[in-house]
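Understanding the architecture of this molecule
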Amino acid sequence: MKVVFDDAQKLHDPKFFLSSGAGKPNPEQPRRADILLEAALRAGLERVVPDDYGLTPVAAVHTPEYLQFLKGIYERWMRIGEASEEVIPNIHPDRRDGAYPASAVGQVGYHVADTAAPIGRETWTSALRSAHSAVHAAELVLNGEGSAYALCRPPGHHAFRDLAGGFCFLNNAAIATQHLRRRYERVAIIDVDLHHGNGTQGIFYDRADVLTVSIHAHPERFYPFFWGYADERGKGPGLGYNLNLPLPRKTGDEGFLRALDCGLDRVAAFAPDAVVIALGLDPSEADPLAGLAVTTRGFAEIAARLASLALPTVIIQEGGYICPPLGDNLQSFLQRFRFVHRVS
């Protein structure tokens, strides 16, 4: 099994972050990638650097308007006389079906959902290489490998087609899924991050070829607040192809695994040809975002149940922030997944 990662993904180094209105260090730090890469190597994975896939697989998911914005907004922002050192929104529209402003400030408000996704000089480079890691992992699976792990950093599952947020700019899981659709008729995404994968849900919400399942802390009192409820089932052709399994705060291994079993029942009923796992390690009992209480052993059991699907699988790294067991949690997951996973 291979781990796909490019050192350019560490160039993005966000500083700005607000929590309950108070400024704090941004937890989505480059050092996360070092910790996770070391853990993947300890788990026996072989590192490969992704090829350059250009914009084609990214543009299959995100709008051209949004990609043009992401690529150019930092330079435009720097031309504003007294602008902040990172691109930060200070206005958000109350609708997204009206006029599109020419102003950089207005476009930032339109395309960035919150203050947790500051855009710096190297953000576009890192985000694009993160997406290329996801595509490369999908390519490995398309070319016959049973599974591959994309160490995507920055993460992606809060990014919509034309909206960044929650540390995310390009939706790596969605990009990998769309790439897999070149061969596989039906793909299931299983998101086990602490937070609801609202961007992923939004991208596939009206589609019947992709099943989205998300297990996460209940959003009534937790980010992303406005998405992730159990009654969100999809719309149009996608009605019945989205499953949210929100959990009470501090849910531990037993409750998480019970929800995962429910999600896997739905996946089995969908009968996919391949699976994308949006792997968050932030459900950890030690994660600084403190939402759920999964143990290192719990991550191994999550991996075993996902591996038991016995399907071609792309694992996409999402959250999981710096804390003592971060690397151990990933190593536990990957080792158990490799031990159990056999493509039937």
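Throughout what follows, the structure given in this document is the object of discussion. (Residues numbered from 1 in each chain as written. Predicted model: local features only at pLDDT ≥ 70, side-chain atom pairs only at ≥ 80, totals over all residues. Heavy atoms only, no water.)

1. Description of empty space enclosed by the protein
Evaluated as defined, the whole model comprises one cavity of 30 Å³ or more. Estimates place the volume of the largest cavity at around 70 Å³. Lining the largest cavity are Ile189, Asp191, His196, Gly197, Thr200, Gln201, Thr212, Val213, Ser214, Asn242, Leu243 and Asn244. Breaking the lining of the largest cavity down by element, the ones donating at least two residues are strand E6 (187-191), helix H7 (198-204), strand E7 (210-217) and strand E8 (242-247). Looking at side-chain class alone, the lining of the largest cavity contains three nonpolar, eight polar and one charged residues. (1 Å grid on protein atoms, 1.4 Å probe; cavity = no way out; pocket = protein on both sides within 12 Å on 5 of 7 lines; lining within 4 Å. Points joined across faces, edges and corners; volume = space filled by probe spheres on them. Helix = DSSP H or I, 4+ residues; strand = E, 2+ residues; numbered from the N terminus. Nonpolar A, V, L, I, M, F, W, Y, C, P; charged D, E, K, R; others polar.)

2. A short note on the pattern of salt bridges
This structure, assessed with the given rule, holds 17 salt bridges. In this structure, Glu301 and Arg336 form a salt bridge, with 3.6 Å as the shortest nitrogen-oxygen distance. Taken together, the residues span a long stretch of sequence, with Glu301 in helix H9 (residues 296-307) and Arg336 in helix H10 (residues 326-340) at a distance of 35 residues. One connected set of salt bridges, linked through shared partners, spans Asp261, Glu301, Arg305 and Arg336. (Salt bridge = Lys/Arg side-chain N within 4 Å of Asp/Glu carboxyl O.)

3. Observations concerning helix H3 (residues 64-78)
Spanning 15 residues, H3 covers 22 Å between terminal C-alpha atoms, matching the ideal 21 Å at 1.5 Å per step. Of all the bends found along H3, the most pronounced is centred on Gly72 and spans about 50°. Within the span of H3, buried status applies to Tyr66, Leu67, Phe69, Leu70, Ile73, Tyr74 and Trp77. Where H3 is buried, its residues meet helix H2 (56-59), helix H4 (104-111) and helix H5 (123-142). (Expected span 1.5 Å × (residues − 1). Bend = angle between axes of the 7 residues up to and from the residue. Buried < 20%, exposed > 50% of the residue type's maximum accessible area, 1.4 Å probe, protein only. Contact = heavy atoms within 4.5 Å.)

As far as function goes, none of this settles anything; it's purely spatial.
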